[in-house]
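Remarks on the overall topology
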Amino acid sequence: MRWKPYDIPSSDNVVDFVQGLHTVCGAGDPKARNGIAIHVYLCNTSMVNLCFYNSDGNFLFVPQQGRLKITTEFGKLTVDPNEICVIQQGIRFSIEVEGPTRGYILEVFDAHFQLPYLGPIGANGLANPRDFLTPVAWFEDRDVPEGFRVVTKFQGKLFEAKQLHSPFDVVAWHGNYAPYKYNLEYFMVINATQFDHADPSIFTVLTCPSNKPGVAIADFVIFPPRWAVQDHTFRPPYYHRNCMSEFMGLIKGNYEAKEDGFAPGGASLHSIMTPHGPDYKCFEGASNGELKPVRVADGTQAFMFETSLSLAVTKWGEETCQKLDHTYYECWQPLKKHFDPNWKPE
């Protein structure tokens, strides 16, 4: 499945973050604390005297258009496109925007996001701990006689209460249970340098591991600008079936395997064991091009929410948003068979 860019509300339809939060797909059950949900947010106005907290799990924000100014009980964060932010379960926050705003959210019910185990890579590489930022303490002592609205997501539904003061009155905090942000430009890319492909896990920024070794409840993976230098190799992502579900989004630019039809602000879902890979144009170009060192994905940032769970699409994702691209399969239709049983290496 592929979605065209999700519509941001028009200027005559005022929508804040809570009103503009839509679930595209998911799996599991927040009541059992197992599973994930994938959302998009589509808004154009700030939350005023309103905060939100998630009782079900942790939110990983991936802004695509528009800056997020996030006030939390721990302080303030400014998050731009090509940055990410994680706000953990139970933390109250309010989002201020500066105009039309769009982005993606990965929610996990089980545990917290963490850095992936680096194995033979060793101490340094991928997303380095030093590049993650947490807010400094900030507070306001502000009464709100008309009522400050507090909205929570609990067991997948929204509940609201009112109080007479701002909840952002935490003067100081300590410990390590705090929201954080990360700039994707700081990701230290590792890639194959002689032949073949390394597993795409080398592009993992954050993971939420399961109880089964080597299998994730969810991985957040990016496909950043990098060099491609392999010899005797079809360099784009190869055709495959996967034991994981792959939900992809595009922050900016053109994704190398599908430069046509996959646009910033849109998405795609390749379900468990559903075959997929580069479109016809990409296949022909990579099969016939000279294998010299080239830059890949400059000016582009694609990402993937990958999960071992089988994702179900919501009614909003399949029908209400009216963005499902029913012609997606056509990108593979021109592919031709090239197999020659008589061919031998020179």
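It should be emphasised that the depicted structure is a prediction, and the values quoted were computed from it without experimental measurement. (Residues numbered from 1 in each chain as written. Predicted model: local features only at pLDDT ≥ 70, side-chain atom pairs only at ≥ 80, totals over all residues. Heavy atoms only, no water.)

**Focus on the overall build of the protein**
Counting secondary structure elements, the protein contains 2 helices and 21 strands. Taken over C-alpha atoms, the radius of gyration comes to 21 Å for the protein, in line with the 20 Å a tight globule of 346 residues would show. For the protein, the spread of C-alpha atoms along the three principal axes comes to 80 × 45 × 35 Å. Counting over 346 residues, the protein shows a buried share of 49%. A total accessible area of about 17200 Å² is found for the protein, and carbon and sulfur atoms account for 52% of it. Side-chain charges in the protein split into 30 positive and 39 negative, and the spacing between the mean points of these groups amounts to 2 Å. (Helix = DSSP H or I, 4+ residues; strand = E, 2+ residues; numbered from the N terminus. Rg over C-alpha atoms; globule rule 2.2 N^0.38 Å. Buried < 20%, exposed > 50% of the residue type's maximum accessible area, 1.4 Å probe, protein only. Areas by Shrake-Rupley, 256 points an atom, 1.4 Å probe, with all protein chains shown as cover. Lys, Arg positive; Asp, Glu negative; His and termini not counted. Charge placed at Lys NZ, Arg CZ, Asp CG, Glu CD.)

**Some remarks on the pairing of strand S11 (residues 143-154)**
As judged from the 5 bridges shared by strand S4 (residues 50-54) and S11, these two strands associate in the parallel manner. Within S11, the position partnered with Cys51 by the bridge is Val150. Here S11 pairs with strand S12 (residues 157-165) via 8 bridges, running antiparallel. Across the sheet, the residue bridging to Phe148 is Gln163, located in S12. (Pairing = 2+ DSSP bridges.)

**Observations concerning the UniProt feature "binding site: homogentisate" (unreviewed entry) in the protein**
When the UniProt feature table is mapped onto this chain, "binding site: homogentisate" (unreviewed entry) is found at Tyr255 and His276. One can find Tyr255 in the loop between strand S17 (245-252) and strand S18 (267-270). Exposure remark for Tyr255: the relative accessible area of 8% places this residue in the buried category. Excluding anything up to four places from it in sequence, Tyr255 contacts Phe223, Pro237, Met248, Leu250, Phe262, Thr300 and Ala302. By the element assignment, His276 lies in the loop between S18 and helix H1 (280-288). (UniProt positions renumbered as here; feature names shortened; annotations may be inferred. Contact = heavy atoms within 4.5 Å.)

**Quick notes on the sheet that holds strand S20 (residues 301-307)**
The sheet built from 6 strands is open, its strands ordered S1-S18-S17-S20-S15-S14 with antiparallel pairing. The sheet is open, and its two borders are formed by strand S1 (2-3) and strand S14 (204-209), each paired with just one other strand. Note that strand S15 (residues 216-223) and S20 share 5 bridges and pair antiparallel. What sits directly across from Val221, in S20, is Met304.

**Here's the deal with the sheet that holds strand S8 (residues 83-87)**
Judged by pairing direction, the sheet is antiparallel, and its 7 strands sit side by side in the order S13-S8-S5-S10-S3-S2-S21 without closing on themselves. Each edge of the open sheet is held by one strand with a lone partner, namely strand S13 (180-183) and strand S21 (312-313). Bridge count between strand S5 (residues 58-65) and strand S10 (residues 101-108): 7 bridges; the pairing is antiparallel. Pairing of Phe61 across the sheet is with Ile105, part of S10.

**A short note on unusual backbone geometry**
You will see that Asp196, though not glycine, has its phi angle at about 65°, which is positive. Residue Asp196 is classed as partly exposed on the basis of its relative accessible area of 41%. Positioned with a positive phi, Ala297 is a non-glycine residue whose angle comes to about 70°. Tracing the backbone through its elements, the reader meets Ala297 in the loop between strand S19 (294-296) and S20.

**A short note on the UniProt feature "binding site: Fe cation" (unreviewed entry) in the protein**
Mapped onto this numbering, the UniProt entry annotates "binding site: Fe cation" (unreviewed entry) at His240, Glu246 and His276. For the residues just named, distributed over 37 residues, the greatest C-alpha separation is only 11.8 Å, placing them together at one site. Note that Glu246 resides in strand S17. Engagement of the side chain of Glu246 in a polar contact is seen with the side chain of His240, the distance being 3.1 Å. Overall, the relative accessible area of 6% leaves His276 in the buried class. If we skip the residues at most four places from it in the chain, His276 touches Tyr238, Tyr239, His240, Glu246, His270 and Trp332. (Polar contact = N/O pair within 3.5 Å; in protein donor to acceptor, adjacent residues only side chain to side chain.)

**Here we look at the packing of aromatic side chains**
Summed over the entire model, instances satisfying the criterion amount to 28 aromatic pairs. With 6.1 Å between their ring centres and 70° between their planes, Phe154 and Phe159 make a pair best called edge-to-face. Residue Phe154 is classed as partly exposed on the basis of its relative accessible area of 41%. Judged by its relative accessible area of 44%, Phe159 is partly exposed. Taken together, Trp3, Tyr104, Phe220, Phe247, Phe303 and Phe305 form an aromatic cluster joined through their ring pairs. In this structure, Lys76 packs its charged tip against the face of Trp138, placed 4.1 Å from the ring centre. (Phe/Tyr/Trp six-rings, centres within 6.5 Å; stacked < 30°, edge-to-face > 60°. Lys NZ or Arg CZ within 6 Å of the ring centre and 35° of its normal.)

**A look at the pairing of S15**
For S15, the buried fraction is high: 8 of the 8 residues fall into the buried class. Here S14 runs beside S15; their pairing, made up of 5 bridges, is antiparallel. For Thr204, the partnering residue across the bridge sits in S15 and is Val221. Linking two consecutive strands that pair antiparallel, namely S14 and S15, is a turn of 6 residues; a positive phi of about 80° is found at Gly214 within it.

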